[in-house]
Amino acid sequence: MSVLQDPALEELLDRLHRQSDEQIEEMKAYSARTDTDPARLKAFRGDKLVALDRDKAELCYQLCRATDARRIVEIGTSFGVSTLYLATAVRDNVRAAGGDGVVIGTEYEPNKASAARAHFEQAGLSRFIELREGDLRETLLQIDGPVDFTLVDIWIAMARPALELVAPHLKRGAIVVCDNTERYRGEYADYFAFLENPANGFRTMTLPFDGGFELSVRC
């Protein structure tokens, strides 16, 4: 049985996941060249989806349905693949119990934001998504209302600054998930320091998905 139970959306997601998977081999080959020039790296990665793994994205959908999430923050939208799962959860929560909901996405690259919006429109989910384009240190300064769920899937150096902006808005019981926290444990040291500070009120565990998937609850 499909998690999303939306054949048209799943067809779009199948295509996007295939495209992302195919690009992984290109990225591995590029990494093997040890080209550290920032401009060339940025240009190379400009059209790469680097989508959240399907099983992780489906878990996000399930968690958002289980908690009736209505305000979700996605830190690192890219081409909008994981956003589609989050917005589908909001849509289905609204259909089930009424009311409204929104996914607040963040994306710095204009070309990625444009492509993401096209995917949202194609999926018929645009009304549930507010994509904020620009530096998240500015775009996340204002969040109206309590946040139920946050996905962190961004350049590691920005993970803690982003969480610090969202944390004051997290309701008790809110869930924060973050990708690849086992694979890049050392690089995430600042992020873990924030989570493990008792003053910040988190309980956290690393789920055994590929690369690790951090699940933290605001208690």
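Details of the structure are given in the entry above.
Residues numbered from 1 in each chain as written. Predicted model: local features only at pLDDT ≥ 70, side-chain atom pairs only at ≥ 80, totals over all residues. Heavy atoms only, no water.

### Re the overall build of the protein chain
Secondary structure summary: the protein chain contains 8 helices and 7 strands in total. When the 219 residues of the protein chain are sorted by exposure, 49% land in the buried category. Within the protein chain, counting contacts between residues at least 6 apart in sequence, those at least 24 apart form 74% of the total. Carbon and sulfur atoms form 50% of the exposed surface of the protein chain, whose accessible area is close to 10800 Å². (Helix = DSSP H or I, 4+ residues; strand = E, 2+ residues; numbered from the N terminus. Buried < 20%, exposed > 50% of the residue type's maximum accessible area, 1.4 Å probe, protein only. Contact = heavy atoms within 4.5 Å. Areas by Shrake-Rupley, 256 points an atom, 1.4 Å probe, with all protein chains shown as cover.)

### Quick word on the environment of Trp 155
For Trp 155, the position within the fold is in the loop between strand S4 (147-152) and helix H7 (159-166). A C-alpha to C-alpha distance of 8.1 Å links Trp 155 and Gly 76, two positions 79 residues apart in sequence.

### What about the pairing of strand S3 (residues 129-133)?
Along any regular strand, the residues point their side chains to alternate faces of the sheet. Bridge count for strand S2 (residues 102-107) against S3 is 5 bridges, and the pairing is parallel. Considered in S3, the bridge of Ile 104 is made with Glu 130. On the question of chirality, the crossover connecting S2 to the parallel S3 by way of helix H5 (residues 110-123) is right-handed. (Pairing = 2+ DSSP bridges. Right-handed = clockwise from strand over helix to strand, strands pointing away.)

### Considering the packing of H7 against helix H8 (residues 189-196)
For the pair H7 and H8, the least separation of the axes is 8 Å and the interaxial angle reads 30 degrees. If you check the angle between H7 and H8, you find them roughly parallel. Here H7 contributes Ala 159, Arg 160, Leu 163 and Glu 164 to the contact with H8, which in turn contributes Asp 190, Tyr 191, Ala 193, Phe 194 and Leu 195. Here the contact of H7 with H8 is composed, by residue class, of 6 nonpolar, no polar and 3 charged. (Axes fitted to C-alpha atoms, helices over the stretch in contact; angles between N-to-C directions. Parallel < 35°, antiparallel > 145°, perpendicular 65-115°, else oblique. Nonpolar A, V, L, I, M, F, W, Y, C, P; charged D, E, K, R; others polar.)

### Thoughts on the packing of helix H3 (residues 54-66) against helix H4 (residues 81-97)
One way to put it is that H3 packs onto H4 with a least axis distance of 9 Å and a crossing angle of 25 degrees. Here H4 runs roughly parallel to H3, going by the angle between their axes. As H3 packs across H4, the resulting crossing turns out to be right-handed. Residue-level contacts link Arg 54, Ala 57, Glu 58, Cys 60, Tyr 61, Cys 64 and Arg 65 of H3 to Tyr 85, Leu 86, Thr 88, Ala 89, Asp 92, Asn 93 and Ala 96 of H4. For the contact of H3 with H4, a count of residues per class yields 8 nonpolar, 2 polar and 4 charged. (Left-handed = near helix turned anticlockwise from the far one by under 90°.)

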